Amino acid sequence: MMSDKMKKDPRLPDETFEPFEETRRIPLPVYWIAIALAIWGVFMLVETSHSTQVADKARAQLDKQEQTKTAQVSAPDPAAGKALFSDNCATCHGDAGEGVAGAFPPLHGSDVVKLGGAQAVTEIVMRGIGGPLNVNGESYDGEMPAFGSVLSDKEISEIASYVATGLNDGTKTISASEVADIRKVSGDMDPWNGGAELAGLINGLPAQPDAKTPAAKGPDAKLVAQLVNEGTDTVWSCASCHGEKGEGLETVPRLAGLPAAYLVKQLHDFQKGARFNDSMAYVAKGLSDREIIDLANYYAGMSSPSGATPSLQGDLKRGAQLAKEGDWSIGVPACFTCHGPSGIGVAPEFPGIAAQQPSYVAHQLAMWAGGARHNSPLGLMAGISKALSDADRRSVADYLASLPPVPGSKPADMVAMTTSASAAKESSNDQ
Amino acid sequence: MNRYLPLAITALAILAMATLFLVIAPGMQIGAQGPSPGLNPYTEAEARGRDVYVSMGCLYCHSQQPRSIAQAPDAERGWGRASVAGDYAYDNPHQLGTMRTGPDLMDIGDRLPSQGWQLTHLYQPRAISSWSIMPAYPYLFEHKDKADPGDVVVKLPPAYAPKTGVIVAKQDALDLVTYLQGMKRQYAPPADGLRDDGYALIAAEQQKQTDAAKASN
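Residues numbered from 1 in each chain as written. Chains lettered and ligands numbered in written order. Predicted model: local features only at pLDDT ≥ 70, side-chain atom pairs only at ≥ 80, totals over all residues. Heavy atoms only, no water.

Participant: Could you clarify how one ought to interpret the packing of aromatic side chains in this entry?
Facilitator: The geometry of an aromatic ring pair comes down to the distance between the two centres and the angle between the two planes. Taken as a whole and judged by the stated rule, the model has 7 aromatic pairs over all chains. Ring geometry for Tyr298(A) against Tyr299(A): centres 5.1 Å apart, planes inclined by 80 degrees, an arrangement best described as edge-to-face. The partly exposed category is assigned to Tyr298(A), whose relative accessible area is 33%. For Tyr299(A), a relative accessible area of 3% corresponds to the buried category. Residues Tyr53(B) and Tyr179(B) carry aromatic rings whose centres are separated by 5.3 Å and whose planes lie at 65 degrees to one another, so their mutual orientation is edge-to-face. Taken as a pair, Tyr53(B) in helix α2 (residues 44-56) and Tyr179(B) in helix α5 (residues 171-181) lie far apart in primary sequence, 126 residues in all. A single burial state applies to Tyr53(B) and to Tyr179(B), both of which are buried. Aromatic ring contacts, followed pair by pair, group Tyr42(B), Tyr53(B) and Tyr179(B) into a single cluster. We note Arg127(A) situated over the ring of Trp192(A); from NZ or CZ to the ring centre the distance is 4.0 Å. Across from the ring centre of Trp79(B), 4.8 Å away, lies the NZ or CZ of Arg77(B), which sits over that ring. (Phe/Tyr/Trp six-rings, centres within 6.5 Å; stacked < 30°, edge-to-face > 60°. Buried < 20%, exposed > 50% of the residue type's maximum accessible area, 1.4 Å probe, protein only. Helix = DSSP H or I, 4+ residues; strand = E, 2+ residues; numbered from the N terminus. Lys NZ or Arg CZ within 6 Å of the ring centre and 35° of its normal.)

In structure tokens form, the structure reads like this:
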């Protein structure tokens with residue numbers, strides 16, 4: 001009724017009216033935007049698939065590295081041998097194997113190589129060698145790291161063949177499968193104990209000095225083994241984090257072969273809070289001075305294979321450059337000037353950094369750069385770390401992880417109770 | 001409103017597109033991958049430990065997805081290499097997580113392999129790090145006068161040790177720690193493994209190309 005009435009009133013709008021709009025053309029700009037969006041979408045799809053391709057390439061490379069480590073190809077390639085020699089041996093033995101008087105014996109014209117051939121070189125490279133040794137009538141008493149855990153059978157065969165036939169006038173090379181046989185027998189053995197032990201391997205080797213007998217195990221050997229493997233009521237065992245052989249993992253450092261005095265200082269610094277790490281502060285606070293010294297000597301004397309592999313996607317070439325030559329454009333000296341040839345360390349102050357875990361090294365360098373680790377003598381590492389870029393830190397860490405491990409220290413470099421008490425005092429004076 | 005049908009069809013089509021590209025296609029891609037070579041299925045104890053991990057809601061504070069170097073310094077922190085799809089093949093439900101109130105745990109077994117450390121830390125995180133905000137889980141442990149044979153005693157500093165007796169781990173705590181110790185993802189990732197590497201890799205590649213071009217000029 002109402003509506004009828006109102007409908008009749010012409011001043012009021014018609015209630016049944018449906019609003020209606022003619023279809024209009026969609027404005028052109030809308031088409032443009034839609035087309036542009038579609039093109040952008042396709043472009044991004046291609047771009048991002050490119051991203052996974054790049055990563056695929058990087059990973060394929062990782063895989064290849066893994067494979068070449070185990071690959072078994074016979075016939076050693078002399079050119080590859082020369083390149084491997086300059087990468088792995090030349091830092092100590094010289095580019096032409098000429099050696100360094102009094103420190104590193106020659107390989108060119110060496111009677112050891114001449115008499116023992118590629119076979120003996122393989123044995124020495126596989127296990128490393130330390131202790132008194134006569135080469136061409138000169139006496140040496142150094143440490144050479146074991147390359148068994150960082151070079152493949154093929155690589156060792158190429159190096160040994162190059163040393164025997166390229167640097168010397170031998171004719172016999174050694175194949176990768178022969179190297180594999182040697183690895184099976186002696187891959188896990190301790191380094192050769194100087195010339196005396198070598199004389200058993202090489203027939204007709206000229207007279208060699210007596211080998212040093214390894215320091216007799218102290219009366220505390222059992223207590224140390226207990227600390228290392230089982231811990232105490234309050235402290236976890238060292239091996240549960242640092243590994244059975246002190247080789248470390250990820251951010252847990254390798255301890256095997258680091259100078260005893262350095263290890264003692266670090267443990268005291270964790271104890272006093274001069275170096276920060278909650279887990280290690282807890283451990284160190286639970287140890288007595290005596291235990292710290294025994295443990296330091298135990299780890300310092302340990303020779304164990306490398307547990308590190310490059311894993312930070314660093315640029316190994318750049319890493320090698322920083323380690324061997326440094327980079328003066330950013331004011332960084334070669335790491336090896338302080339940390340010793342091939343990074344094996346110089347007791348007592350400069351710890352070995354070869355075969356150290358890459359995550360640990362990169363993390364420590366970042367901590368020095370940020371000031372979180374500041375217990376180092378003279379702040380030497382802080383300045384260096386600050387100059388390195390993020391990528392440089394990863395590169396050098398990865399390169400160090402590719403090196404043969406630090407050999408165990410000599411008995412002479414061990415810490416005795418009395419000297420370390422004064423060392424501890426000295427280090428507290430640093431603060 | 002008089003074109004219900006076309007509207008409904010359009011809405012469904014959009015939904016179907018999204019499902020196809022965000023669920024079905026990736027599902028097929030990942031399904032074809034299988035577990036990463038090097039990854040082992042969980043042992044029984046690890047599987048039980050994983051259930052404890054899920055029920056305790058560790059996921060709300062811990063992620064399990066280390067990012068690539070291009071995106072975050074996770075590898076330098078020791079959190080492991082960037083994960084790929086195949087690394088989660090045995091995880092159902094996965095524990096990717098989105099929060100990093102605590103550190104990523106994908107590679108914890110490599111970084112902190114010590115059973116002793118893990119037990120102390122679960123019993124009382126403050127015994128190790130005074131600043132830690134992680135909750136303590138005392139109910140995973142038992143206070144006993146004397147440890148029975150086969151019991152695992154938790155190592156504690158005097159400040160947190162009970163006045164008498166010892167703290168031993170219950171089975172749940174042991175399983176959980178076994179699970180954490182098994183979280184090792186250091187094996188080489190499969191070369192065709194799926195993962196998001198972000199844009200920085202492209203930038204690095206382009207930089208390399210321009211550097212090479214400069215060097216050859």
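Past the structure itself, the notes keep going.
Participant: Would you mind going over the pattern of salt bridges with me for this structure?
Facilitator: It is possible for side chains of opposite charge to pair when their charged atoms get near one another. All names here are of chain B. One pass over the structure, following the stated rule, counts 19 salt bridges over all chains. Arginine 81 is paired through a salt bridge with aspartate 87; the nearest N and O atoms lie 3.2 Å apart. For the residue pair arginine 81 and aspartate 87, the accessibility class agrees, reading buried in each case. For aspartate 104, the salt bridge identified is with arginine 100, shortest N-O distance 3.3 Å. With relative accessibility at 0%, the residue aspartate 104 sits in the buried group. Of the residues examined, arginine 100 reaches a relative accessible area of 32% and is grouped as partly exposed. Taken together, the shared-partner salt bridges connect Asp74, Arg77, Arg100 and Asp104 into one network. (Salt bridge = Lys/Arg side-chain N within 4 Å of Asp/Glu carboxyl O.)

Participant: Could you clarify how one ought to interpret the side chain of Asp327(A) in this entry?
Facilitator: Residue and element names in this part refer to chain A. Here aspartate 327 lies in the loop between α14 (316-324) and α15 (335-339). Of the residues examined, aspartate 327 reaches a relative accessible area of 12% and is grouped as buried. In this structure the side chain of aspartate 327 is engaged in a polar contact, spanning 3.0 Å, whose partner is the side chain of arginine 318. (Polar contact = N/O pair within 3.5 Å; in protein donor to acceptor, adjacent residues only side chain to side chain.)

Participant: Got a minute to help me understand the confidence of the model for chain A in this structure?
Facilitator: In low-pLDDT regions, the fine details of the predicted coordinates are not to be read closely. Residues of chain A with pLDDT of at least 70 account for 86%, and the chain-wide mean is 83. Confidence drops under pLDDT 50 across residues 69-73 of chain A; counting only partners more than four residues distant or on other chains, this segment forms 10 contacts. (pLDDT = per-residue confidence, 0-100. Contact = heavy atoms within 4.5 Å.)

Participant: Even after reading the chapter, I still don't get the packing of helix α5 (residues 111-127) of chain A against helix α6 (residues 153-166) of chain A, so can you show me in this structure?
Facilitator: Residues and elements named next belong to chain A. In the contact formed by α5 and α6, the axes pass within 9 Å of each other and the chain directions differ by 155 degrees. What the angle tells us is that α5 and α6 run roughly antiparallel. When the axes of α5 and α6 are compared, the crossing they make is right-handed. Facing Val113, Gly117, Ala118, Val121, Thr122, Val125 and Met126 of α5, the residues of α6 in contact are Ile156, Ala160, Ser161, Val163 and Ala164. (Axes fitted to C-alpha atoms, helices over the stretch in contact; angles between N-to-C directions. Parallel < 35°, antiparallel > 145°, perpendicular 65-115°, else oblique. Left-handed = near helix turned anticlockwise from the far one by under 90°.)

Participant: What am I meant to see in the domain arrangement of chain A here?
Facilitator: When the parts of a complex come together, some accessible area is lost, and that lost area is often used as the size of the interface. All names here are of chain A. Under the domain assignment used here, chain A contains domain 1 (78-198), domain 2 (221-300) and domain 3 (316-404). Put simply, the middle of domain 2 and the middle of domain 3, counted by C-alpha atoms, are 22 Å apart. Contacts between the two partners involve 18 residues from domain 2 and, on the opposite side, 19 residues from domain 3. Summed over both partners, the interface of domain 2 with domain 3 buries about 1,400 Å², with 52% contributed by carbon and sulfur atoms. Viewed at the interface, domain 3 and domain 2 are joined by 0 salt bridges. Where domain 2 packs against domain 3, one counts 11 residue pairs in polar contact (both at pLDDT 80 or more). For the side of domain 2 that touches domain 3, the class distribution of residues is 9 nonpolar, 3 polar and 6 charged. (Domains from an automatic or database assignment. Buried area = accessible area lost by both parts, 1.4 Å probe. Nonpolar A, V, L, I, M, F, W, Y, C, P; charged D, E, K, R; others polar.)

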